[in-house]
Amino acid sequence: MNPVEKKALAAIERKSGKLKALSRKLYNNPEVMFQEFKACRWLSQELKALGYKVKPGGRELPTSFRAELNKAASKPTIAILAEYDALRGIGHGCAHNLIAAVAVGAACGLAAVKKELPGNVLVIGCPAEEGGGGKIQLLKAGAFNGVDAALMVHPSSDRTMLDHGFIACRGLDITFIGKAAHASGAPEKGRNALNALLETFNALNALRQHLPQDVRMHWVVMEGGTASNIVPERARGEFTIRSENNAYMPTLLKKVKECARGAAMMTGCRVKFRVNSYMYSSMRPNRPLAELVRDCFKQVGVKAGFWDGKGGRGSSDIGNVSQQVPALHPSISLRAPASVTGHSRELADWTQTPRAEAAMVKAAQMLALAGIRLLTDDKLMRGVKRAYKQGS
Ligand SMILES: [Zn+2]
Ligand SMILES: [Zn+2]
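All of these numbers come straight from a predicted model, not from anything done at the bench.

Draft legend 1. Representation of the state of the cysteines in the model. For the structure shown, the criterion picks out zero disulfides. Considering cysteine sulfurs only, Cys94 is the nearest to Cys169, which forms no disulfide, with 13 Å between them.

Below, the structure is given as structure tokens:
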């Protein structure tokens, strides 16, 4: 490790108490998508104190921000992505409180060696990852224009991995409108919207057998009637559909809609669709970035492997970022017991343990190292760009 790298890591070590405090504050104040006003303010304050110029998100995306270390030296430019939205009803069960603190930690390390860095560092505040597609809006607004590589780290209960094989994902609501009637006195006069929703579930479960292996479909009932003695006149489900193949998503959506139309016909209900205007893309891989991150993890004493193709796969709007600029979404293990899984209250609580906080500091150090190398090694950056073009 060279003196510049050592200096950056030492700065993060010194900052670790503050990073822990920030993660705790976010844990105690979970804010769901597009409501992350406190998180956005606290992160902006921390970054300003580190010497970054912080521009708040506009009216369109008020809980985003863009922090810039060195505007004068614009090339190359790397972006560290901060997420800080919580899960509906669960709090920080996806540990985005740690992602935010990791981003501030990495920003601290890079700020400490600002004079030795030829390029520019951005920290982009990305709201609404858990649905909402904050990064997709940021992409549209040009927030990633001029970025040469984008990096972040996501905590994981158990695995440190360089990539996750994220798959494409789209959300939709399906609403059925029937007719209310006395459920016992005159059921023949009613049309049951809840039955239409249930028949949709059944149809999709039958369809599932005949879809490509990588497809995922899951749902919850959002509205299902008001009282058991009234035929439900309105029922609504929230659905998520996923595939590793971006190009297959329109076909999948069409099949889902056909199932719902069939259910509407069976039950004599009307059906309405509200499909999210945005889609989370699958992740475009980048081998040189992954190898860089593996080496940097190793430097801070963390062993990281490539995704082994086993287990379930999620989705993230960093997939969309990866289609526009070279990007990587590694994870770091929080070394939690097997009973602690993602998107749970247990994982939110685990973020407050010494093991999780130690991982947070190491992740920040890894990101700072990766940032330094990307900014100072032309050959590496050229390789990253070449891999992006080839999509491998
Ligand atoms: Zn999540
Ligand atoms: Zn997450």
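Now, onward.
Draft legend 2. How the structure looks around the coordination of the zinc ion (ligand 2). Protein ligation of the zinc ion (ligand 2) involves Cys94 (SG), His96 (NE2) and His154 (NE2), the donor distances falling in the range 2.1 to 2.3 Å. Linear spacing of the donor residues for the zinc ion (ligand 2) on their chain is C-x1-H-x57-H. In this model, the zinc ion (ligand 2) sits 3.1 Å from the zinc ion (ligand 1), the two metals being bridged by Cys94. You'll find Cys94 and His96 in the same group, each marked buried.

Draft legend 3. Spatial organisation of the coordination of the zinc ion (ligand 1). Surrounding the zinc ion (ligand 1) are the protein donor atoms Cys94 (SG), Glu130 (OE) and His343 (NE2), which sit 2.0 to 2.3 Å from the metal. Look at where the donors of the zinc ion (ligand 1) fall in the sequence and you get C-x35-E-x212-H. The partly exposed category is assigned to His343, whose relative accessible area is 43%.

Draft legend 4. Region of the structure containing the domain arrangement of the protein chain. According to the domain assignment, the protein chain contains domain 1 (3-166 + 280-390) and domain 2 (168-275). The C-alpha-based centres of domain 1 and domain 2 are spaced at 37 Å. Contact with domain 1, which involves 10 residues of that partner, is made by nine residues of domain 2. Taken together, the two surfaces of domain 1 and domain 2 that pack against each other cover about 700 Å², and 29% of this comes from carbon and sulfur. Where domain 1 packs against domain 2, one counts two salt bridges. Linking Arg88 and Glu238 is a salt bridge whose minimum nitrogen-to-oxygen distance equals 3.3 Å.

Draft legend 5. The sheet that holds strand β8 (residues 216-223), seen in detail. Here four strands make up an open sheet; going across it, the order is β8-β9-β7-β10 and the pairing antiparallel. Every interior strand has two partners, whereas the edge strands, β8 and β10 (270-275), have only one. Taking the axes of each pair of neighbouring strands and ignoring which way they run, one obtains an average angle of 20 degrees across the sheet. Along the sheet, helix α5 (residues 193-208) makes contact with β7 (168-177), β8 and β9 (234-243), crossing β9 at roughly 20 degrees.

The rules behind each value
- Residues numbered from 1 in each chain as written.
- Chains lettered and ligands numbered in written order.
- Predicted model: local features only at pLDDT ≥ 70, side-chain atom pairs only at ≥ 80, totals over all residues.
- Heavy atoms only, no water.
- Disulfide = S-S within 2.5 Å.
- Donors = N, O, S within 2.8 Å, 3.2 Å for Na, K, Ca; no water.
- Buried < 20%, exposed > 50% of the residue type's maximum accessible area, 1.4 Å probe, protein only.
- Domains from an automatic or database assignment.
- Contact = heavy atoms within 4.5 Å.
- Buried area = accessible area lost by both parts, 1.4 Å probe.
- Salt bridge = Lys/Arg side-chain N within 4 Å of Asp/Glu carboxyl O.
- Pairing = 2+ DSSP bridges.
- Helix = DSSP H or I, 4+ residues; strand = E, 2+ residues; numbered from the N terminus.
- Axes fitted to C-alpha atoms, helices over the stretch in contact; angles between N-to-C directions.

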